[in-house]
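What follows is the residue order along each chain.
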Amino acid sequence: MGMNSDFTPFDQIVLDPELTANVPKDQRFYTGMDCYIHCIESLQGTFLNEFSKSYGEKALQLCREVFVENNNWNNECDDKLMMASYAGGMSIAYSQVGVAHAVSYGLSYLLGTKHGIGNCIVFNHLEEYYPEGVKEFKKMVEKNGITIPKNICACLTDEQFNKMIDVSLSMKPLWENALGKDWEQIMNRDRLRRLYEKL
Ligand SMILES: [Fe+2]
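Residues numbered from 1 in each chain as written. Predicted model: local features only at pLDDT ≥ 70, side-chain atom pairs only at ≥ 80, totals over all residues. Heavy atoms only, no water.

A. The overall build of the chain, seen in detail. What the chain contains, in helices and strands, is 10 helices and 0 strands. Tracing the chain from N to C terminus, the helices and strands come up as α-α-α-α-α-α-α-α-α-α. C-alpha atoms of the chain, sized along the principal axes, occupy 45 × 35 × 30 Å. A buried classification covers 46% of the 199 residues belonging to the chain. A separation threshold of at least 6 residues defines the contact pool for the chain, and within that pool the share at least 24 residues apart is 74%. About 10600 Å² of surface is accessible on the chain, with carbon and sulfur atoms providing 50% of the total. (Helix = DSSP H or I, 4+ residues; strand = E, 2+ residues; numbered from the N terminus. Buried < 20%, exposed > 50% of the residue type's maximum accessible area, 1.4 Å probe, protein only. Contact = heavy atoms within 4.5 Å. Areas by Shrake-Rupley, 256 points an atom, 1.4 Å probe, with all protein chains shown as cover.)

Structural data, given as structure tokens:
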């Protein structure tokens, strides 16, 4: 359970940027992008409220400072990304994530794809849903010299696609946040299958 769950009791949260100081560049990017994607999905979602908006905007600003405006990674960037991560997590406490998360959970379930990289693989193909966010994401991928895996679903069977679709469509609050109350009219099994095939 996340720190934003009502069922996660804790007295303190330890925030220490030195714990991530020597994380490999790619991993740092994938995890940082999980935060960025949280912000985009929360801020563009139908569940948005002032609590989520305040945290989401702050996290988004910090993500941009380290991945768009910055040229040399330093300790200050680790500090900023740490706080972005905290605020990005808080942003969805009273809203929800969206399409990228709903689709990437299917990948994680079937293929064991890790959360951050899975979100990147999916978000890379979501221009239709988050045009501005995806444009900026691609800019960050290029600027930071990151490779996003492609064709990870190339050899899957119908049964495997169906499993991922089942997992993804079971995330009802995520779809509702992303596409509104009538999300089932917009996202169906065929459309989702075509999206998975692109990954
Ligand atoms: Fe996430």
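B. Region of the structure containing the environment of E159. Tracing the backbone through its elements, the reader meets E159 in helix α7 (residues 158-169). Given a relative accessible area of 68%, E159 falls into the exposed group. Spatially, the C-alpha atom of E159 lies 38 Å from that of A59, the residues being 100 residues apart in sequence.

C. Highlighting the nonpolar core. Counting residues in hydrophobic clusters, the biggest one holds 56 residues, and the most contacted among them are Y36, F123, L126 and W175. Every residue in contact with W175, bar those within four places of it in the chain, is listed here: V99, A102, V103, S168, L169, G180, W183, M187 and L192. (Core = buried A, V, L, I, M, F, W, Y, C linked by side-chain atoms within 4.5 Å.)

D. Just the packing of helix α1 (residues 25-43) against helix α2 (residues 50-69), in detail. Where α1 contacts α2, the two axes come as close as 9 Å, and the packing angle between them is 145 degrees. The two elements α1 and α2 cross, and the hand of that crossing is left-handed. Contact residues: R28, F29, G32, M33, C35, Y36, C39, I40, S42 and L43 in α1; S52, K53, G56, E57, A59, L60, C63 and F67 in α2. (Axes fitted to C-alpha atoms, helices over the stretch in contact; angles between N-to-C directions. Left-handed = near helix turned anticlockwise from the far one by under 90°.)

E. Quick peek at the coordination of the iron ion. Protein-derived coordination of the iron ion comes from D34 (OD), H38 (NE2), H101 (NE2) and H115 (NE2), at a distance range of 2.1 to 2.2 Å. Around the iron ion sit 4 donor atoms, and with donor-metal-donor angles ranging over 87 to 177 degrees the site reads as irregular. Along the chain, the residues donating to the iron ion fall in the pattern D-x3-H-x62-H-x13-H. Taken as a pair, D34 and H38 lie in helix α1 at a separation of 4 residues, close to a single helical turn. The exposure class assigned to D34 is buried, which follows from its relative accessible area of 15%. (Donors = N, O, S within 2.8 Å, 3.2 Å for Na, K, Ca; no water. Tetrahedral: all angles 85-135°; square planar, octahedral: opposite > 155°, others 65-115°.)

F. Up close: unusual backbone geometry. Look at N151: it is not a glycine, yet its phi comes out positive at around 55 degrees. Turning to its location among the elements, N151 is positioned in the loop between α6 (131-143) and α7.

G. Region of interest: the pattern of salt bridges. Under the counting rule described, the total for this entry stands at 10 salt bridges. K80 serves as the salt-bridge partner of E65, at 2.7 Å between the closest nitrogen and oxygen. Taken together, the residues E65 in helix α2 and K80 in helix α3 (residues 75-91) connect sequence positions 15 residues apart. Given a relative accessible area of 23%, K80 falls into the partly exposed group. Between K181 and E176 there is a salt bridge whose closest N-O contact spans 3.2 Å. Of the residues examined, K181 reaches a relative accessible area of 71% and is grouped as exposed. (Salt bridge = Lys/Arg side-chain N within 4 Å of Asp/Glu carboxyl O.)

H. Focus on the packing of aromatic side chains. Scanning all chains against the criterion turns up 9 aromatic pairs. Centre to centre, the rings of F51 and Y55 are 5.0 Å apart; their planes meet at 55 degrees, and the pair counts as tilted. Remark: Y55 and F51 occur in helix α2; sequence separation between them is 4 residues, near one turn of the helix. Exposure remark for F51: the relative accessible area of 31% places this residue in the partly exposed category. The exposure class of Y55 is partly exposed, given its relative accessible area of 25%. Pairing F123 with F137 gives two aromatic rings, centres 5.4 Å apart and planes at 90 degrees, and the pair type is edge-to-face. (Phe/Tyr/Trp six-rings, centres within 6.5 Å; stacked < 30°, edge-to-face > 60°.)

Keep in mind these values describe shape, not function.
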